[in-house]
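Secondary and tertiary structure notes
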Amino acid sequence: MISRPLIVYLDSSDISNLSNPSTGTEEPIQIEESLLNLQSKGLIEFRFSQIHILEAAPVSEESILFARQRFSYISKLCKKKCLVSYIKILENEVCRLVPNLKSEELMVYNDSSEWFPEFELDNEFDPTRITNAINAEIELLPDRKSRREAKRRVFDKSGNVSKSYLKTFSQGNPVVLKEIKDKYPFSDEEVASCLYGIFSGDSDDLFNKTLMNSFADVEKLGDWYQKQWDRVLPISSYLRDIGTDLKSSMEDIAAKSEEIKHGQKELIDKLLVTLPKGIAEKIASTLNLEINSDNISWSTTPALLTATTICCHLARKTVFSNSKTRVARVSDFGDISHT
């Protein structure tokens, strides 16, 4: 009797192939059927990660349809079962390097679809900013009478946005509402609800809850890309951008003379030691922590060492392999991040 299901973590290419009916061939379809049968019996469970989401994202407007298929497949297959953000995992490991600091145990498996890192929030929901933005919009009305009537409808006697107006806020579709919807995968109703909470003194908690629920709904992400392509693309394209830079660096090294490549080979050997320390110190700096990087080990920082070790050996194989069978790929960084 199995005490708990075996975790199945698919490759992003598997998700792409299985989510697109036009690319399905007999063998992967049979494998999928077998896996789904095991899932129905409770013997396995599927989980996705932040990297799955980033790699499922579209690379062009023409590919949004296929991205929506991938998001939908991830949601259907895994439900809300995921791994926490790799950023949270690395930050937790770095905390273990702080002398005399008892680091909280991180639950790597998450059943609420919280695949994302902590959000860095701007001041979209600052009451003063919202009031000023609505006021500025009203001032654009063509005549004094229209402006006076709009202010009576929007503001209460204290000059705050009235709660009665906020209840119908989404119907007017003011600019401030559009700005927030552009940046986050919110519906009109969700933005209106958050704005209503602001003037009820519950803005932060309500906003955070709504934001988490929106990102946790993986299938909803496809709608976000479709509606706000230009604004959303930079958020998820960094994985491919870093992958492109890594590929270019490896190709540059491979093109050097044998003498230079020998020196670079020694550098890669050193990187096995210096790379994890450098990343740990960089993360510690962003968290305002003082760490002892000499305490990096397979017991304290297994995720950090796994990723950096694979990175170094991948570079060695790509650059110095005599067989020349391995070429650098844009997907290398994503593959490293999956680990």
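These notes cover the structure that comes with them. (Residues numbered from 1 in each chain as written. Predicted model: local features only at pLDDT ≥ 70, side-chain atom pairs only at ≥ 80, totals over all residues. Heavy atoms only, no water.)

1. Here we look at the overall build of the protein
From N to C terminus, the protein includes 18 helices and 4 strands. Per-residue burial over the protein gives 38% buried out of 339 residues. Residue pairs at least 24 apart in sequence account for 72% of intrachain contacts in the protein once pairs closer than 6 positions are excluded. When the accessible surface of the protein is totalled, it reaches about 19600 Å², and 52% of it is carbon and sulfur. (Helix = DSSP H or I, 4+ residues; strand = E, 2+ residues; numbered from the N terminus. Buried < 20%, exposed > 50% of the residue type's maximum accessible area, 1.4 Å probe, protein only. Contact = heavy atoms within 4.5 Å. Areas by Shrake-Rupley, 256 points an atom, 1.4 Å probe, with all protein chains shown as cover.)

2. Quick word on the environment of D182
Mapped onto the elements of the fold, D182 is located in helix 10 (residues 175–183). We classify D182 as buried; its relative accessible area is 4%. Separated by 42 residues in the primary sequence, D182 and W224 have C-alpha atoms spaced 8.3 Å apart.

3. Concerning the packing of helix 1 (residues 12–19) against helix 4 (residues 64–78)
Helix packing geometry: the angle between the two helix axes and the distance between the axes. Two elements in contact, helix 1 and helix 4, have axes whose closest approach is 9 Å; the angle formed by their N-to-C orientations is 105 degrees. Here helix 1 is positioned roughly perpendicular relative to helix 4, judged by the angle of their axes. For the pair formed by helix 1 and helix 4, the contact residues are I15, S16, L18 and S19 on the first element and Q69, R70, Y73 and I74 on the second. Of the residues in the contact of helix 1 with helix 4, the class split is 4 nonpolar, 3 polar and 1 charged. (Axes fitted to C-alpha atoms, helices over the stretch in contact; angles between N-to-C directions. Parallel < 35°, antiparallel > 145°, perpendicular 65-115°, else oblique. Nonpolar A, V, L, I, M, F, W, Y, C, P; charged D, E, K, R; others polar.)

4. Observations concerning helix 1
Taken together, the buried positions of helix 1 are occupied by S12, I15 and S19. Buried positions in helix 1, seen along its axis, are confined to an arc of 55 degrees and lie on one side of it. On its buried face, helix 1 sits against helix 3 (50–56), helix 4 and helix 18 (332–338). (Arc of directions from axis to C-beta.)

5. Some words on the pattern of salt bridges
Tallied over the full model, the rule gives 7 salt bridges. With a closest N to O distance of 2.9 Å, E45 and R47 form a salt bridge. Classification of E45 as buried rests on a relative accessible area of 13%. The class of R47 is buried, set by a relative accessible area of 5%. Note that R47 is salt-bridged to D111, the shortest N-O span being 2.8 Å. You can see R47 sitting in the loop between strand 2 (44–46) and helix 3 and its partner D111 sitting in the loop between strand 4 (109–110) and helix 6 (127–138), a full 64 residues away along the chain. Taking the relative accessible area as the measure of exposure, D111 reaches 46% and is therefore partly exposed. (Salt bridge = Lys/Arg side-chain N within 4 Å of Asp/Glu carboxyl O.)

6. Re the nonpolar core
By size, the foremost hydrophobic cluster in this structure holds 42 residues, and its most contacted members are F71 and W115. Broken down by element, this core gets its largest block of residues, 6 residues, from helix 4. Beyond its immediate sequence surroundings of up to four residues, F71 is in contact with I53, A56, A57, V218, E219, L221, G222 and Y225. In terms of nonpolar packing, the next biggest core, distinct from the first, is built from 11 residues, V98, I291, I296 and L304 among them. (Core = buried A, V, L, I, M, F, W, Y, C linked by side-chain atoms within 4.5 Å.)

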